[in-house]
Amino acid sequence: MVMAQAGPTSGRSTGGSGPFAAAARVAGAVPPTALVLLGIVSIQVGAALAKHLFALAGTSGTVALRLAFAAVVLVLLWRPSVRIGKRMLLTVLGYGVVLGSMNLLFYQAIERIPLGAAVTIEFLGPLAVAVVGSRRWVDGLWALLAAGGVLLLTRSDGGLVWTGVLFALLAGVCWATYILVAASLGSQSTDGQGLALAMVFAALVVLPFGVGDLGPVLLDPLVLLAGLGVALLSTVVPHSLELEALRRIPPRVFGILMSLEPAMAALVGLVVLHEALRPTQWVAVCCVVLASAGATRTAKQA
């Protein structure tokens, strides 16, 4: 979950130089495609760790821990100035609201349905951003393929809990909105200062929901350490890896690689959470991956 990608998977901030770029130089010898894949794995392992944390900190409490720790880390790294213009302030506030809402909804989804299924359904959001408004018939085919994949995913034997599907769809709407707001933020801030401020506000947005879940476990060092791990795996590490990768590969290739995220989520869900999808559900995941990759590729050729 997450930060600005190329293509239909856009949603992660990646521009600028600074602390993240300095940290990413350590991975300079690693092939850029491997960096992208490692970033995808990091995000999904972070989500799996978060799901394990639900039993102790609650769903909303886990979101609050993740965003709070991510905000602290980003503020320490970027040291953003609070002296910003009104337009920038409105963008940061909007970004924070969408970011907080997206994470709350996504974590509610993975509490009810497998991680791979939730990410696949949520992916309809960025895919819609890629194809909406297009008049080319091929983009319509990608949209139909993705919709068919999600329908197959939810209607397979046993299906999925519909509340989980609904939360994932709403998270996808937030992701699509997030992409548009992130583009506006990127045009006003060339480094991570805007992201750091937005993360602080996102943490403040979810805090009222998380306080009730956290309760006494807020003082448990193991819970706090796990929350920090979720923040690093879900935000800081993938952001650094993606930034370095985008310096070395074309955005089109980056976007196509990011289309593998639903499949990686399903694989991490299987290995880490023991969430086995049915064969028809794996086919559904592949349909969405193919639709996302296809939309990314054809969008760059237009």
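Above this text sits the structure in question.
Attention in this report is confined to the structure presented alongside it.

Definitions and cut-offs
- Residues numbered from 1 in each chain as written.
- Predicted model: local features only at pLDDT ≥ 70, side-chain atom pairs only at ≥ 80, totals over all residues.
- Heavy atoms only, no water.
- Axes fitted to C-alpha atoms, helices over the stretch in contact; angles between N-to-C directions.
- Helix = DSSP H or I, 4+ residues; strand = E, 2+ residues; numbered from the N terminus.
- Parallel < 35°, antiparallel > 145°, perpendicular 65-115°, else oblique.
- Left-handed = near helix turned anticlockwise from the far one by under 90°.
- Contact = heavy atoms within 4.5 Å.
- Nonpolar A, V, L, I, M, F, W, Y, C, P; charged D, E, K, R; others polar.
- Phe/Tyr/Trp six-rings, centres within 6.5 Å; stacked < 30°, edge-to-face > 60°.
- Buried < 20%, exposed > 50% of the residue type's maximum accessible area, 1.4 Å probe, protein only.
- Core = buried A, V, L, I, M, F, W, Y, C linked by side-chain atoms within 4.5 Å.
- Disulfide = S-S within 2.5 Å.
- Bend = angle between axes of the 7 residues up to and from the residue.
- Salt bridge = Lys/Arg side-chain N within 4 Å of Asp/Glu carboxyl O.

Moving on to the packing of helix α6 (residues 124–131) against helix α8 (residues 162–188). Running from amino to carboxyl end, α6 crosses α8 at an angle of 45°, the nearest separation of the two axes being 7 Å. With respect to α8, the axis of α6 lies oblique. Regarding α6 and α8, the two cross each other, and that crossing is right-handed. Between α6 and α8, the residues in contact are L124, G125, P126 and V129 and L169, G172, W175, A176, I179 and L180, respectively. When the residues that make up the contact of α6 with α8 are grouped by side-chain class, the tally is 8 nonpolar, 2 polar and no charged.

Moving on, we get to the packing of aromatic side chains. Inspection of every chain in the model, using the stated rule, returns 4 aromatic pairs. Both rings, one in F106 and one in Y107, keep their centres 6.1 Å apart while their planes meet at 55°; by these two values the pair is tilted. The pair formed by F106 and Y107 is uniform in burial state, with each residue classed as buried. A centroid spacing of 5.4 Å and a plane angle of 80° characterise the contact between F123 and W175, whose relative ring orientation is edge-to-face. Separated by 52 residues along the polypeptide, F123 in the loop between α5 (115–122) and α6 and W175 in helix α8 bring together distant segments of the chain. Assigned by exposure class, F123 and W175 land together as buried.

With that settled, consider unusual backbone geometry. Of note, the phi angle at R79 is positive, near 45°, even though the residue is not glycine. Among the structural elements, R79 can be located in the loop between α3 (59–78) and α4 (86–112). The exposed category is assigned to R79, whose relative accessible area is 68%. Backbone geometry at H274 places phi at a positive 60°, although glycine is not the residue there. Inspection of the secondary structure puts H274 in the loop between α12 (261–272) and α13 (279–301).

In this structure, V36, Y95, F106, Y107, L115, I121 and M199 are the most contacted members of the largest nonpolar core, which totals 68 residues. It is α4 that provides the largest number of residues to this core, a total of 12 residues.

On to the state of the cysteines, then. By definition, a disulfide is the covalent link that joins the sulfur atoms of two cysteine residues. Scanning all chains against the criterion turns up 0 disulfides. Cysteine C286 remains unbridged, with the sulfur of C287 as its closest cysteine sulfur at 7.3 Å. Accessibility expressed as a relative area gives 46% for C286, which makes it partly exposed.

Attention shifts here to the packing of α3 against helix α10 (residues 221–246). Two numbers describe how α3 lies on α10: the axes approach to 8 Å, and their chain directions differ by 65°. Classed by the angle they form, the pair α3 and α10 counts as roughly perpendicular. The two elements α3 and α10 cross, and the hand of that crossing is right-handed. Residues L65, R66, F69, A70, V73 and L74 of α3 touch α10, and the partners they reach there are V223, L224, G227, L228, V230, A231, L232, S234, T235 and V236.

The subject of this paragraph is helix α9 (residues 193–214). When the local axis directions of α9 are compared, the greatest deviation, roughly 50°, occurs at L207, which is followed within four positions by the proline P208. For α9, the full list of buried residues reads G194, L195, A196, L197, A198, M199, A202, A203, V206, G210 and L214. Those residues of α9 that are buried are in contact with α2 (32–57), α3, α4, α8 and α10.

Taken as a whole and assessed by the stated rule, the structure comprises 3 salt bridges. With a shortest N-O distance of 2.4 Å, K51 and E275 are connected by a salt bridge. Taken together, the residues span a long stretch of sequence, with K51 in helix α2 and E275 in the loop between α12 and α13 at a distance of 224 residues. The salt bridge involving R136 is made with D139; its shortest N-O contact spans 2.8 Å.

Right, let's talk about the environment of F69 for a bit. Structurally, F69 is set in helix α3. In sequence terms F69 and L224 are 155 residues apart; their C-alpha atoms lie 9.1 Å from each other. Among residues more than four places away in sequence, those in contact with F69 are L224, G227, L228 and A231.

Just geometry here; none of it tells us what the structure is for.
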